[in-house]
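# Structural description and commentary
Listed below are the residues making up each chain.
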Amino acid sequence: MEIEGRLRKGINEARKGDGLDLYLPVYERGRVPLGASFVVAETASPRGAAADANSLLALMTAESDASHCETVTVAETTAVRRDALVGGKSKEDVEAASRRVDYVIPVPKDSTRCVVVSFSTVGAGDPEDEIAEATTELFDAIMTTFRWRAA
C-alpha cells in the first residue's frame, strides 16, 4: 500500500511538472522491487531566456550547492547533467533520501524550450550504495541512446 501510494504521488507530481513519460522498472531484484524511476518532461527554458549549456550550467549549479553539475553531449546537443542526493534530511522528513540525476537538454532550433529527463533511486535503502550506483550507471547508459527526430 505504501509503495502504491508513493507511486501515485510520483505520477501526480510528474503530471503537474509537464511530465511526458514516466518509466518504472517492472522486474524485481530478489523479492524487492527496484527503487528507481525516471520522468521525461518538456519545459520552457529557465527564466524565459534562450537556453544554452553555459547558462543552464550556471543556473543549475547556483540552485543546488551540493550537486555535481557538468556539461555533457546528448544526441549531438550540449546539455547539462546534475547529480545530487536529496531528501531524508530530518526525522520529520517522511521521504527517503534518494539520488537524483537530471539531464537538461536544449531543444535544437528552438532555444526557448528544453527537455528534462530526471532519474531517481533509493538504491537498496541507501542512495549511495552499490544498487544506487549501478542503476545510475544504467540510466546514464540509457541517456546515450537519446535521439532527436524531426517532426
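Structure: see above.
This report concerns the structure included in the present document. (Residues numbered from 1 in each chain as written. Predicted model: local features only at pLDDT ≥ 70, side-chain atom pairs only at ≥ 80, totals over all residues. Heavy atoms only, no water.)

### Topic: the overall build of the protein chain
A tally of helices and strands in the protein chain yields 3 helices and 8 strands. Secondary structure elements of the protein chain, listed N to C terminal, follow the sequence α-β-β-β-β-α-β-β-β-β-α. Out of the 151 residues belonging to the protein chain, those deemed buried represent 34%. In the protein chain, the proportion of contacts linking residues at least 24 apart, taken out of those at least 6 apart, comes to 47%. Of the accessible surface of the protein chain, which amounts to about 10,100 Å², a share of 53% is contributed by carbon and sulfur atoms. (Helix = DSSP H or I, 4+ residues; strand = E, 2+ residues; numbered from the N terminus. Buried < 20%, exposed > 50% of the residue type's maximum accessible area, 1.4 Å probe, protein only. Contact = heavy atoms within 4.5 Å. Areas by Shrake-Rupley, 256 points an atom, 1.4 Å probe, with all protein chains shown as cover.)

### Notes on the packing of aromatic side chains
Under the counting rule described, the total for this entry stands at 4 aromatic pairs. A ring pair is formed by Tyr103 and Phe139, whose centres lie 5.6 Å apart and whose planes are at 65°; its orientation type is edge-to-face. Of this pair, Tyr103 sits in strand S7 (residues 98-107) while Phe139 is found in helix H3 (residues 130-143), placing the two residues 36 residues apart along the sequence. The burial state of Tyr103 is the same as that of Phe139; both residues are buried. With a centroid separation of 4.8 Å and an interplanar angle of 15°, the aromatic rings of Phe119 and Phe139 are classed as stacked. One end of the pair, Phe119, is in strand S8 (residues 110-123); the other, Phe139, is in helix H3, and 20 residues separate them in sequence. Here Phe119 matches Phe139 in class, with each residue buried. (Phe/Tyr/Trp six-rings, centres within 6.5 Å; stacked < 30°, edge-to-face > 60°.)

### Topic: the environment of Val122
Looking at the secondary structure, you find Val122 in strand S8. The exposure class assigned to Val122 is partly exposed, which follows from its relative accessible area of 27%. Once the C-alpha coordinates of Val122 and Ala36 are considered, the two residues, 86 residues apart in sequence, prove to be 6.7 Å apart.

### Things to note about the pairing of strand S6 (residues 77-86)
Taken across its 10 residues, S6 has 7 buried, putting it largely inside the fold. Relative to S6, strand S5 (residues 68-74) runs antiparallel, the two being bridged by 7 bridges. By the bridge assignment for S6, Val74 is matched with Thr77. Remark: 2 residues form the turn of the hairpin made by S5 and S6, two consecutive strands paired antiparallel; Ala75 in that turn has positive phi of roughly 55°. For S6 and S7, the ladder comprises 7 bridges, and the chain directions are antiparallel. Considered in S7, the bridge of Val86 is made with Ser98. (Pairing = 2+ DSSP bridges.)

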